[in-house]
Amino acid sequence: MGSSGEERRRAGGGAAGLLGRSRRQRPGMGFPGGRGSPTARGSLQHLILFLLFVGPFNCFASYSRATELFYSLNEGLPAGILIGSLARDLRLPTAGGQHPAAPQPPLSFTLASRGFGEQYVHLDNRSGELHTSDVEIDREALCMESSGATIFGAAAGAASSSSLPSSESCLLLLDVLVLPQEYFRLVKVKITIRDVNDNAPRFPVTHIRLSVPENAPVNTRLAIEHPACDPDVGTNGVQTYRLRDNYGVFTLDVEENESGERTPYLIIMGALDRETREEYVTVIVAEDGGTPPLMGSATLTISISDINDNCPQFNDSQINVTLYGNSSLGTHMATVHAIDMDLGSNAQVSYSYSQKVPQPSRDLFHLNESTGVITLSSKVDGDTPRLHRLIILGNGPGCIPAVITVLVTIIKVMMRPPEVVPRFIANEAEGVVYLKELEPVNTPIAFFTIKDPDEKYKVNCYLDGDGPFRLSPYKPYNNEYLLETTKPLDYETQQLYEISVVAWNSEGFHVNKIIKVQVLDENDNSPVFSQQLVELSIEENNVPNAFLTKLHATDADSGERGQVSYFLGPDAPSYFSLDKTTGVLTVSTQLDREEKEKYRYTVKAVDSGFPPRESIATVTITVLDKNDNSPRFINKDFSFFVPENFPGFGEIGVISVTDADAGQNGWVALSVLNGSDIFVIDTGKGVLRAKVSLDREQQSSYVLWIEAVDGGDPALSSTAKITVLLLDINDNPPLVLFPQSNMSYLLVLPSTLPGSPITEVYAVDKDTGMNAVIAYSIIGRRGPRPESFKIDPKTGNITLEESLMQNDYGLYRLLVKVSDHGYPEPLHSTVMVNLFVNDTVSNESYIESLLRREPDISIEEKQPQISIEPTHKKMESTSCMPTLVALSIISLGSIALVTGMGIYICLRKGEKHHRADESLEVQIPLNGRINLHMLEKKPMEISNI
């Protein structure tokens with residue numbers, strides 16, 4: 001949007017025009033004093049500081065070139081709308097202008113300060129174009145005041161009121177600096193924000209009430225105190241009001257005051273009558289002047305207030321009444337009633353006799369001024385006139401009285417009726433007898449004396465009415481009757497009885513004496529619970545002070561005796577609360593089903609009688625389960641020891657897991673997280689099984705992770721570590737690694753010294769423990785002098801025991817047994833060790849042919865001996881007698897000597913026998929050698945397991 005023609009003219013005139021305008025504006029730029037005033041000197045100092053910031057001192061003349069630009073803009077525009085071009089409107093030279101050959105320094109446009117208004121615009125520093133920013137302009141938010149101007153910007157205080165376009169303008173003020181110094185000037189940009197119709201009228205209340213008297217004349221004007229408001233201004237503000245339904249008697253008018261505020265007035269167009277219609281409900285609509293117009297509405301209720309415009313009226317003009325001369329005092333004769341259509345005090349009617357009614361008639365008949373009831377107030381005798389005309393006035397405030405005539409005709413009776421004279425024994429007041437409900441049977445109430453005034457007629461008496469009462473003659477007196485109870489009275493069954501004592505004579509005249517018996521309540525009823533057993537349920541982990549139920553007990557007694565208070569029994573836990581008055585039962589803490597599932601205690605209902613009565617009910621609370629407990633393993637780590645080669649699907653162990661929850665929440669399913677291809681678990685019993693037989697030599701242990709998942713929603717889970725350790729069984733015989741073959745041989749030189757190692761037998765066992773402890777022994781020998789070689793049972797080293805002689809040359813074949821110490825049966829392997837005693841190996845094929853022959857070797861049943869040092873225990877002994885000590889020493893020494901001699905003799909005999917059986921000579925020329933260190937020797941230690 002560009003500037004208007006007037007704006008362009010104000011911004012025109014080139015540099016001289018701008019300079020001239022800035023001189024005229026200097027008095028309004030903040031220099032109020034003269035040259036010598038302190039204020040002027042202070043302002044000058046601030047100006048110098050400003051020029052130091054802008055440029056050198058030679059631009060003093062340019063600083064005074066201030067100008068103003070005015071733009072107008074609609075509110076609510078999107079970002080990027082062009083407001084105006086400062087370079088064009090200031091007619092500043094741009095590239096390609098009047099002197100294209102002359103070098104033009106680039107123009108720079110800068111906002112002088114960052115004020116509130118800068119957020120709504122975007123200034124291009126090079127072109128000087130001013131656009132709307134991303135922040136939408138809302139005129140109603142910027143300019144809250146509807147009168148005068150509201151200015152926002154960087155220099156709002158520096159603007160003079162004479163520069164405002166109108167009295168309702170909403171301005172954004174910007175200070176823009178134009179550089180470089182050749183074109184320097186301070187431009188004050190004023191942007192007028194134009195209003196658009198973006199707000200509908202709105203009433204401050206949704207329901208407006210007006211009160212109009214029913215006698216309001218036509219054209220009466222009543223101001224509506226809550227007019228609609230519209231933040232928009234001008235024609236976009238509220239313009240008109242109207243009624244959706246005027247009922248033919250209302251219309252609206254709008255008045256505008258000096259400040260421009262429009263107030264709606266309700267005008268009465270017809271007569272109102274409250275007695276016809278007392279309220280009108282319609283809708284008032286406010287409409288603005290926008291295009292299209294926007295509307296707002298509120299409910300308008302018009303109440304018609306009453307005035308005294310109606311007078312009392314009787315429905316009849318005359319009432320005829322007949323009265324017997326023997327009527328008793330207080331006999332009801334008639335009731336007059338006048339109606340006034342008004343309300344409240346305007347409708348109050350009082351009744352009075354007209355002045356035309358004579359005084360005897362006034363004395364004979366009583367008129368109630370409020371109710372209009374006419375009763376007999378004096379006895380009728382022989383002098384009483386037979387006809388009475390009672391003129392009664394119905395009086396209303398400010399009204400002419402309504403008139404009704406009551407014509408009373410008295411029929412004289414010559415015989416007087418019987419008389420009934422009561423004498424009350426029980427408490428009586430104004431004809432009402434008061435008896436307690438706990439009074440016993442045959443409680444006397446009153447004596448009644450029956451009299452005949454004329455003493456000529458026989459009078460009888462009986463009781464008329466329902467109730468546990470009896471009227472019987474009281475002997476030995478005549479005409480005396482006793483009224484008493486026949487059953488206990490119960491206040492809760494019936495509180496009031498009305499009975500009549502009727503007396504009649506032989507001529508048929510009756511007299512009724514009405515007696516009212518009021519039963520007084522006593523505390524004879526205990527409170528009664530609506531339920532003697534209150535069964536409740538609540539989910540565990542409830543919120544504190546959770547509502548459980550509302551107990552209810554009733555008490556048939558009245559007053560305080562029937563007021564019930566509630567209390568917990570002594571067996572109730574302390575965290576349950578029972579409101580004394582309302583009977584609301586709550587629990588103040590969280591309940592945990594796993595801690596306690598059922599609660600059972602008593603509650604009491606106590607009334608307020610004296611002494612108080614109470615009743616007891618039982619409350620049972622079942623705590624319902626929630627899935628708040630994860631499955632729990634008995635141990636976090638399980639270890640099972642299983643012998644290897646355990647059969648497939650055999651029971652390795654039982655994994656115990658529990659879940660404190662109940663029902664489906666406590667169902668636990670077990671699964672193997674890892675190793676499921678080897679192991680399975682029985683979910684029902686928790687039994688861990690292996691699908692295949694396990695071999696310790698392949699894997700000695702397995703670490704499994706077992707997950708337990710319950711059946712809750714959502715499900716909870718936990719894990720446990722399972723270690724399966726395979727116990728070794730003796731299922732692997734020793735494996736001989738050296739020598740590698742029974743056909744291999746080794747050359748032994750005759751010059752080998754006794755005790756020299758010749759070779760070794762090296763074997764390993766895949767088992768562990770004692771099952772892997774290996775012992776070596778020679779179980780068969782063949783050769784010229786086979787006992788010349790010995791094997792170490794621990795290491796398997798074969799050594800030369802004796803010196804070799806000339807006749808000892810030849811092939812020696814030693815059958816070595818390699819045995820473990822397994823339980824229950826040791827396993828073993830055998831290997832043939834071939835030793836060729838000679839200086840050289842000259843004919844290797846011949847030796848190999850000898851090796852291929854089946855050797856004739858006898859097997860020795862001699863077990864290898866491995867010394868395992870026992871653990872000695874020190875034994876302490878105490879002796880009381882030196883003789884016993886000496887005898888013990890002598891006995892032990894003798895036993896040791898005999899044992900040693902026996903072992904020595906046996907060993908010597910065995911050695912001689914061994915030499916005799918294995919003597920063999922073989923003369924074979926050898927020409928080959930074998931490396932004795934083909935395999936690395938790995939000696940194994942024997943552990944005492």
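Treat the numbers as computed from the prediction; the structure is a model and nothing was measured.

Trainee: What am I meant to see in the overall build of the chain here?
Mentor: Counting its secondary structure elements, the chain contains nine helices and 60 strands. Looking at the 945 residues of the chain, the share that counts as buried comes to 39%.

Trainee: Sorry if this is basic, but what is going on with a nonpolar patch on the surface here?
Mentor: On the surface, Leu-673, Val-703 and Trp-705 cluster together into a nonpolar patch covering about 280 Å² of accessible area. Among the structural elements, Leu-673 can be located in the loop between strand 47 (668–672) and strand 48 (679–681).

Trainee: Help me understand the sheet that holds strand 12 (residues 250–256), please; the structure alone is not making it clear to me.
Mentor: For sheets, the rule is that strands pair by backbone hydrogen bonds, running either parallel or antiparallel. Across the sheet, three strands lie side by side as 10-13-12; this open sheet has antiparallel pairing. What marks the edges here is a single partner per strand, and that holds for strand 10 (221–223) and strand 12. With direction set aside, neighbouring strand axes in the sheet form an average angle of 35 degrees. Pairing geometry for strand 12 and strand 13 (residues 262–268), over seven bridges, is antiparallel. In the sheet register, Phe-250 faces strand 13, and the bridge partner there is Ile-268.

Trainee: Would you mind showing me how to read the sheet that holds strand 26 (residues 427–429) here?
Mentor: A sheet is described by the order of its strands in space; here five strands give the open sequence 26-27-33-32-29, paired in mixed fashion. In this open sheet, the two edge strands, each paired with only one partner strand, are strand 26 and strand 29 (459–464). Direction aside, neighbouring strands of the sheet carry axes that sit 25 degrees apart on average. Pairing of strand 32 (residues 496–505) with strand 33 (residues 510–520) involves nine bridges; the strand directions are antiparallel. Within strand 33, the residue paired with Ser-500 across the bridge is Ile-514.

Trainee: Help me understand the environment of Ala-660 in this model?
Mentor: Locating Ala-660 in the fold gives a position in the loop between strand 46 (657–658) and strand 47. Ala-660 sits in the partly exposed class, given a relative accessible area of 42%. The residues touching Ala-660, leaving out its near neighbours within four places in the chain, are Arg-593, Glu-594 and Asn-629.

Trainee: Just checking my understanding: could you explain the nonpolar core for this structure?
Mentor: Counting 28 residues, the largest nonpolar core has Leu-86, Phe-109, Leu-130, Val-176, Val-189 and Ile-191 as its most contacted members. Those elements that provide at least two residues to this core are strand 1 (66–74), helix 5 (86–89), strand 3 (108–111), strand 4 (121–123), strand 7 (170–179) and strand 8 (185–194). A per-element tally of this core places strand 7 first, with five residues. Ignoring anything within four residues of it in the chain, the contact list for Val-176 reads Leu-86, Phe-109, Thr-110, Leu-111, Ala-112, Leu-123, Arg-185, Leu-186, Val-187 and Val-189. Core analysis: the second largest hydrophobic core is formed by 25 residues, Leu-323, Leu-364, Val-408 and Ile-410 among them.

Trainee: Looking at this model, I keep getting lost on the side chain of Thr-220. Mind explaining?
Mentor: Structurally, Thr-220 can be placed in the loop between strand 9 (207–213) and strand 10. Separated by 2.5 Å, the side chain of Thr-220 and the backbone oxygen of Pro-217 make a polar contact.

Trainee: I'm lost on the pattern of salt bridges in this one. Help?
Mentor: Should their charged atoms come close, side chains of opposite charge can pair. In total, this model carries 20 salt bridges according to the counting rule given. Between Arg-470 and Glu-484 there is a salt bridge, with the nearest N and O atoms lying 2.7 Å from each other. Within this pair, whereas Arg-470 is found in strand 30 (residues 469–473), its partner Glu-484 is found in strand 31 (residues 480–485), the two being separated by 14 residues in sequence. Of the residues examined, Arg-470 reaches a relative accessible area of 36% and is grouped as partly exposed. The residue Arg-561 makes a salt bridge to Asp-521 at a minimum N-O spacing of 3.3 Å. In this pair, Arg-561 sits in the loop between strand 37 (553–554) and strand 38 (564–568) while Asp-521 sits in the loop between strand 33 and strand 34 (528–529), placing the two residues 40 residues apart along the sequence. For Asp-521, a relative accessible area of 10% puts it in the buried group. Overlapping salt bridges, with partners in common, bring together Arg-274, Glu-275, Glu-278 and Asp-306 in one network.

Trainee: What's the story with the pairing of strand 27 (residues 432–436) in this structure? I'm lost.
Mentor: Sheet faces and side chains relate simply in a regular strand, where the side chains alternate between the two faces. Across three bridges, the pairing between strand 26 and strand 27 is antiparallel. Bridge pairing in strand 27 places Ala-429 opposite Val-432. Hairpin remark: strand 26 followed by strand 27, antiparallel, with two residues in the connecting loop; positive phi at Glu-430, about 55 degrees. Bridge analysis of strand 27 against strand 33 gives five bridges, and the strand direction is parallel. Residue Tyr-434 lies in a different strand from strand 33, and its bridge partner there is Gln-518.

Trainee: Would you explain the packing of aromatic side chains in this entry?
Mentor: Aromatic ring pairs are reported here in terms of the distance separating the ring centres and the angle at which the planes meet. The full count for this structure, using the stated rule, is 17 aromatic pairs. Ring plane angle 75 degrees and centroid distance 4.8 Å describe the contact between Phe-447 and Tyr-474, whose orientation is recorded as edge-to-face. A residue pair is termed long-range when its members are at least 10 positions apart, and Phe-447 in strand 28 (residues 444–451) and Tyr-474 in the loop between strand 30 and strand 31 qualify at 27 residues. The class for Tyr-474 is partly exposed, based on a relative accessible area of 35%. A ring pair is formed by Phe-576 and Tyr-601, whose centres lie 5.1 Å apart and whose planes are at 45 degrees; its orientation type is tilted.

Trainee: Where do I start with unusual backbone geometry in this structure?
Mentor: Peptide bonds are trans in most cases, and residues, glycine excluded, mostly fall at negative phi. Following Leu-179, the chain continues to Pro-180 via a peptide bond in cis, the omega torsion being 10 degrees. Cis geometry is adopted by the peptide bond preceding Pro-714, which originates at Asp-713 and carries an omega value of 0 degrees. Not every positive phi belongs to a glycine, and Arg-91 is a case in point at roughly 55 degrees. Position of Arg-91 among the secondary structure elements: in the loop between helix 5 and strand 3.

Trainee: What's the story with the environment of Gln-590 in this structure? I'm lost.
Mentor: With respect to the helices and strands, the residue Gln-590 is situated in the loop between strand 40 (584–587) and strand 41 (598–607). Gln-590 sits 51 residues away from Glu-539 along the chain, and the two C-alpha atoms are 9.6 Å apart. Looking at Gln-590, its side chain comes within polar contact range of the main-chain oxygen of Asn-542, at 3.4 Å.

Trainee: I would appreciate a short explanation of the environment of Asp-792 in the present structure.
Mentor: Assignment of secondary structure puts Asp-792 in the loop between strand 57 (789–791) and strand 58 (797–800). Spatially, the C-alpha atom of Asp-792 lies 9.5 Å from that of Ile-778, the residues being 14 residues apart in sequence. Once residues within four sequence positions are removed from consideration, Asp-792 is found in contact with Tyr-776 and Asn-797.

Procedures and definitions
Residues numbered from 1 in each chain as written. Predicted model: local features only at pLDDT ≥ 70, side-chain atom pairs only at ≥ 80, totals over all residues. Heavy atoms only, no water. Helix = DSSP H or I, 4+ residues; strand = E, 2+ residues; numbered from the N terminus. Buried < 20%, exposed > 50% of the residue type's maximum accessible area, 1.4 Å probe, protein only. Patch = residues over 30% accessible without salt bridge, like charges linked within 9 Å, V, L, I, M, F, W, Y side chains within 5 Å. Areas by Shrake-Rupley, 256 points an atom, 1.4 Å probe, with all protein chains shown as cover. Salt bridge = Lys/Arg side-chain N within 4 Å of Asp/Glu carboxyl O. Pairing = 2+ DSSP bridges. Axes fitted to C-alpha atoms, helices over the stretch in contact; angles between N-to-C directions. Contact = heavy atoms within 4.5 Å. Core = buried A, V, L, I, M, F, W, Y, C linked by side-chain atoms within 4.5 Å. Polar contact = N/O pair within 3.5 Å; in protein donor to acceptor, adjacent residues only side chain to side chain. Phe/Tyr/Trp six-rings, centres within 6.5 Å; stacked < 30°, edge-to-face > 60°.

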